[in-house]
Amino acid sequence: MNYPIIDCHCHIYPDSIADRAVEGIKNFYDLDMAYDGRYHTLVASGNQISVKHYIIFSVATTPHQVHSINRFIADTVRQSGGLMTGLGTLHPDSDEIGEGIAEIKRLGLKGVKLHPDFQRFRVDDKKCFPIYEMCQAENLPVLLHTGDSRYAFSNPENVRPILEAFPKLTVIGAHFGGWSCWKEACRALSHYENFYVDCSSSFDWLTPEESAELVRAYTADRVLFGTDFPMWDHELEYKRFMAMELSDEDNRKILYQNACKIFSIEL
């Protein structure tokens, strides 16, 4: 069957820095990148599987980058003509978290993306709690990069305190809740009702049966489809998704319905 598809995990960059940014990701993960991180490349890749909508974002590695990145994402969303929804960035070392949240709301961005491994902070560090508190109060979902066995920034033991301290905050754990520690994350976090996951950058390391088991544990109501552009090709990731052989109802929830609900998207 043909489904409307929302890609919930897309990194994009201004043309002037895209090559450098993608090279940095390549080196960080020692992985070849499928694409160059530019807007038009994202749309061309998504057109292979008729993606109807994209969730886009970038990450501030220093506090002074926050404003310019949020403006870039908001401008890109506006220029997309309804094709994209943007998430803002924040940095826990900033002295202007409140101003950053206000700007995100003013720009029409629909949540916050944090990448603790790139930004070099533990997600359960108390300095981050004002971010979660304000996002909970403003009903802004937080998309976290989660998991990396090389570090101790965003693994399950770091994520659990956030879910318990902020039970009304919608937290989305990228990469099935814990890249490179998928099963550990599932055991520790799948029972939290405010914890959602996306399936980006996971299928390359998991069998279809293992992926389907994760979906069952989190339930299809709390899973989102995402490609982690520019890492992976849309057609390849969709084939890997369909290899799980989920039900039609579950496919619809994961491919678009859950994203529409969380980010108030109308296809």
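Below you will find a few notes about this structure. The shown structure was predicted, so the numbers you read here are calculated from the model rather than taken from an experiment.

Cut-offs applied
- Each chain carries its own residue numbering, running from 1 in the written order of its sequence.
- Given that this is a predicted model, residues contribute local features only at a pLDDT of at least 70 and side-chain atom pairs are listed and counted only at 80 or more, while totals for whole chains, interfaces and linings are drawn from all residues.
- The side-chain figures draw on all heavy atoms in the structure; neither hydrogens nor water molecules are used.
- Nonpolar core, defined: a set of buried Ala, Val, Leu, Ile, Met, Phe, Trp, Tyr and Cys residues in which side-chain atoms within 4.5 Å join the residues together.
- Note on exposure labels: buried denotes an accessible area under 20% of the residue type's maximum, exposed denotes more than 50%, and partly exposed covers the range between, all computed with a 1.4 Å probe on protein chains only.
- Here, residues are in contact when the closest pair of their heavy atoms is within 4.5 Å.
- Strand pairing is assigned whenever DSSP detects at least two bridges linking the two strands.
- Helix and strand definitions here come from DSSP, where helices need a minimum of 4 consecutive H or I residues and strands a minimum of 2 consecutive E residues; each element is numbered from the N-terminal end.
- Structural elements are reduced to axes, namely lines fitted to C-alpha atoms, with helices fitted over the stretch in contact, and the angle between N-to-C directions of any two is expressed from 0 to 180 degrees.
- In this scheme, roughly parallel covers angles under 35 degrees and roughly antiparallel covers those over 145, while 65 to 115 is roughly perpendicular and the rest are oblique.
- By definition, any crossing whose near helix is turned counterclockwise from its far helix by less than a right angle is left-handed, and any crossing with a clockwise turn is right-handed.
- Within this document, salt bridges are pairs made up of a side-chain nitrogen of Lys or Arg and a carboxyl oxygen of Asp or Glu, the two lying within 4 Å of each other.

L114, Y132, F176, F195 and F241 are the most contacted members of the largest nonpolar core, which totals 93 residues. Beyond its immediate sequence surroundings of up to four residues, Y132 is in contact with L114, V123, I162, F166 and L169.

On to the sheet that holds strand β2 (residues 51–57). Taken in spatial order, the three strands make up an open sheet running β1-β2-β3, and their pairing is parallel. Two strands in the sheet have a free side with no partner beyond their single neighbour: β1 (5–11) and β3 (84–86). Shown here is a sheet whose adjacent strand axes are inclined to one another by a mean of 25°, direction ignored.

Right, let's get into the packing of helix α8 (residues 182–189) against helix α9 (residues 208–218). Taken N-terminus to C-terminus, the directions of α8 and α9 make an angle of 15°; their axes are 10 Å apart at the nearest point. By the angle between their directions, the pair α8 and α9 is classed as roughly parallel. Of the two possible hands of crossing, α8 and α9 adopt the one that is left-handed. Every residue of α9 that contacts α8 at W182, K183, A185, C186 and L189 is listed here: E210, L214, A217 and Y218.

Okay, the pattern of salt bridges next. Per the stated rule, a full pass over the model turns up 14 salt bridges. In this structure, R38 engages D36 in a salt bridge whose closest nitrogen and oxygen atoms are separated by 3.5 Å. Classification of D36 as partly exposed rests on a relative accessible area of 26%. The closest approach of N and O atoms between K127 and D93, which form a salt bridge, is 2.7 Å.

Attention now moves to unusual backbone geometry. Cis geometry marks the peptide bond from F229 to P230; its omega dihedral reads 15°. Counting through the fold element by element, P230 comes out in the loop between β9 (223–224) and α10 (234–242). Although it is not a glycine, S201 adopts a positive phi angle of roughly 45°. If you trace the backbone, S201 turns up in the loop between β8 (195–198) and α9. One non-glycine residue, E245, adopts positive backbone phi at about 55°.

Note that V215 resides in helix α9. Residues V215 and D250 lie 35 residues apart in sequence; the distance between their C-alpha atoms is 9.1 Å. Contact partners of V215, with chain neighbours within four places excluded, come to F176, A220, V223, M244, L246 and I254.

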